[in-house]
Amino acid sequence: MPRRVLYQRPHLYEAQLAAIFCDERYSWIEASTKSGKTHGCIVWLHEQAALWGCAGRNYWWVAPGYAQAKIAYRRLVRALPKGSFRRNESELTVTLLNGAVIWFKSGDHPDSLYGE
């Protein structure tokens with residue numbers, strides 16, 4: 001029997017909602033430091049994986065470098081309730097209850113972005 005999970009989206013500012021949760025297929029976000037770009041996009045990516053994901057579906061967070069990818073990974077792991085995911089520190093992955101996997105990758109070597 002399918003399990004129901006109650007989800008409440010973390011607080012986002014109006015500007016974050018308008019830019020990130022828009023109806024357009026692509027969104028270009030230009031904002032100053034500490035304005036919530038990473039937080040809002042982590043919430044969006046997690047929602048996509050939680051709502052539409054299943055075993056075998058992969059979702060990627062691609063950052064300019066490894067250090068930035070690890071920052072986003074740690075923020076997601078801290079934000080999710082214990083028991084609602086499995087994490088793999090060496091691969092920087094978070095596997096949700098539905099089997100979807102969120103990967104945190106670095107774009108500094110584009111050839112490493114091939115694969116799943």
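All figures in this text were calculated on a predicted structure; none of them were measured in a lab.

Caption draft 1: Molecular detail of the packing of aromatic side chains. Counting across every chain of the model gives two aromatic pairs. Taking the centre distance of 6.3 Å and the plane angle of 35° together, the rings of Trp-61 and Phe-104 count as tilted. Of this pair, Trp-61 sits in strand β1 (residues 58–63) while Phe-104 sits in strand β4 (residues 101–106), placing them 43 residues apart in sequence. The residues Trp-61 and Phe-104 share a single accessibility class, namely buried. Ring geometry for Tyr-73 against Phe-104: centres 5.6 Å apart, planes inclined by 75°, an arrangement best described as edge-to-face. On the criterion of sequence distance, the pair formed by Tyr-73 in helix α3 (residues 66–79) and Phe-104 in strand β4 is long-range, its members being 31 residues apart. Each of the two residues, Tyr-73 as well as Phe-104, counts as buried. Feature note: the residues Trp-61, Tyr-73 and Phe-104 constitute an aromatic cluster, connected by ring pairs. One cation-aromatic arrangement involves Arg-9 over Phe-21; the distance from NZ or CZ to the ring centre is 3.9 Å.

Caption draft 2: Region of interest: the side chain of Lys-105. Along the chain, Lys-105 falls in strand β4. Using a relative accessible area of 17% as the deciding quantity, one classes Lys-105 as buried. Each residue touching Lys-105, except ones within four places of it in the same chain, is listed here: Trp-60, Trp-61, Val-62, Ala-63, Ala-69, Ser-112 and Leu-113.

Caption draft 3: View of the environment of Ala-31. By the element assignment, Ala-31 lies in the loop between α1 (14–20) and α2 (37–52). What makes Ala-31 partly exposed here is its relative accessible area of 40%. Note: C-alpha distance between Ala-31 and Lys-82 (51 residues apart in sequence) is 32 Å.

Scoring rules and cut-offs
Residues numbered from 1 in each chain as written. Predicted model: local features only at pLDDT ≥ 70, side-chain atom pairs only at ≥ 80, totals over all residues. Heavy atoms only, no water. Phe/Tyr/Trp six-rings, centres within 6.5 Å; stacked < 30°, edge-to-face > 60°. Helix = DSSP H or I, 4+ residues; strand = E, 2+ residues; numbered from the N terminus. Buried < 20%, exposed > 50% of the residue type's maximum accessible area, 1.4 Å probe, protein only. Lys NZ or Arg CZ within 6 Å of the ring centre and 35° of its normal. Contact = heavy atoms within 4.5 Å.

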